[in-house]
Amino acid sequence: MIEAFRDNGLNTLDPLAEMSVSRLETIISSIYFQLNKRLPSSHQIGVDHSISLLLNFMIAAYDSEGHGKLTVFSVKAILATLCGGKILDKLRYSRAPSAGHGAVRLISSPKCPTPAASWSTLSSISF
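Keep in mind the model is a prediction, meaning the values are calculated, not measured.

Novice: For the overall build of the protein chain, give the residues involved together with the corresponding values.
Specialist: A count of helical and extended segments in the protein chain gives six helices and two strands. Element order for the protein chain, N to C, with α for helix and β for strand: α-β-α-α-β-α-α-α. The buried share of the protein chain, taken over its 127 residues, is 35%. Sequence-distant contacts, at least 24 apart, represent 59% of the contacts inside the protein chain between residues at least 6 apart. Here the protein chain displays about 7600 Å² of accessible surface, and carbon together with sulfur accounts for 58% of that area.

As structure tokens, this is what we get:
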């Protein structure tokens with residue numbers, strides 16, 4: 001996922017910036033094509049169908065008024081939510097210098113074992 005974000009410049013965009021549906025489709029395509037490259041041929045997925053399903057789901061969830069645009073934050077949030085992985089790993093990435101514009105420091109002490117973040121803190125995360 002991080003690779004797809006970097007390849008498409010998503011990690012450098014302002015979280016409140018809007019992105020067109022066509023750019024979102026490019027990002028989702030990149031994610032699924034990279035995923036398929038890592039899978040054995042016996043486990044390949046229907047990329048075109050998967051892209052269409054996820055794109056339509058994201059548009060329905062975040063562009064209910066039909067503007068044809070979604071915020072960078074909403075795209076990152078939904079993709080991070082749908083991805084497998086530990087929440088702590090996602091939060092660590094959000095603190096990393098390479099996370100891009102808008103990343104926040106959730107834990108004031110690096111020795112803190114678990115982040116206790118409120119929703120307002122989480123809503124400003126840059127995945």
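Novice: Give me helix H3 (residues 47–62): which residues, what numbers.
Specialist: Here H3 contains 16 residues, and its C-alpha end-to-end distance of 22 Å stays within 8% of the 22 Å for a straight helix at 1.5 Å per residue. Residues Val47, Ser50, Ile51, Leu54, Leu55 and Met58 constitute the buried set of H3. Down the axis, H3 shows its buried residues gathered within 125° of arc, on one side only. Exposed residues on H3 whose side chains face more than 90 degrees from its buried face are Asp48, His49, Leu53 and Ala60. In this structure, the buried residues of H3 make contact with helix H2 (21–38), strand E2 (69–71) and helix H4 (72–82).

Novice: How would you summarise the packing of H2 against H3 if you had to cite specific residues and measurements?
Specialist: Remark: H2 packs on H3, axes separated minimally by 9 Å, with the N-to-C direction vectors making an angle of 140°. Judged on the interaxial angle alone, H3 and H2 are oblique. As H2 packs across H3, the resulting crossing turns out to be right-handed. Judged by residue contacts, Val21, Leu24, Glu25, Ile28, Ser29, Tyr32, Phe33 and Asn36 of H2 engage Val47, Ser50, Ile51, Leu54, Leu55, Met58 and Ile59 from H3.

Novice: I'd like to hear about the packing of H3 against H4, residue by residue, with values.
Specialist: At a closest axis distance of 11 Å, the pairing of H3 and H4 adopts a crossing angle of 125°. Between H3 and H4, the crossing angle belongs to the class labelled oblique. The chirality of how H3 crosses H4 is right-handed. In this structure, H3 contributes Leu54, Phe57, Met58 and Tyr62 to the contact, and H4 contributes Ser74, Val75, Ile78, Leu79 and Leu82. Residues that form the contact of H3 with H4 fall into these classes: eight nonpolar, one polar and no charged.

What counts, and at which threshold
Residues numbered from 1 in each chain as written. Predicted model: local features only at pLDDT ≥ 70, side-chain atom pairs only at ≥ 80, totals over all residues. Heavy atoms only, no water. Helix = DSSP H or I, 4+ residues; strand = E, 2+ residues; numbered from the N terminus. Buried < 20%, exposed > 50% of the residue type's maximum accessible area, 1.4 Å probe, protein only. Contact = heavy atoms within 4.5 Å. Areas by Shrake-Rupley, 256 points an atom, 1.4 Å probe, with all protein chains shown as cover. Expected span 1.5 Å × (residues − 1). Arc of directions from axis to C-beta. Axes fitted to C-alpha atoms, helices over the stretch in contact; angles between N-to-C directions. Parallel < 35°, antiparallel > 145°, perpendicular 65-115°, else oblique. Left-handed = near helix turned anticlockwise from the far one by under 90°. Nonpolar A, V, L, I, M, F, W, Y, C, P; charged D, E, K, R; others polar.

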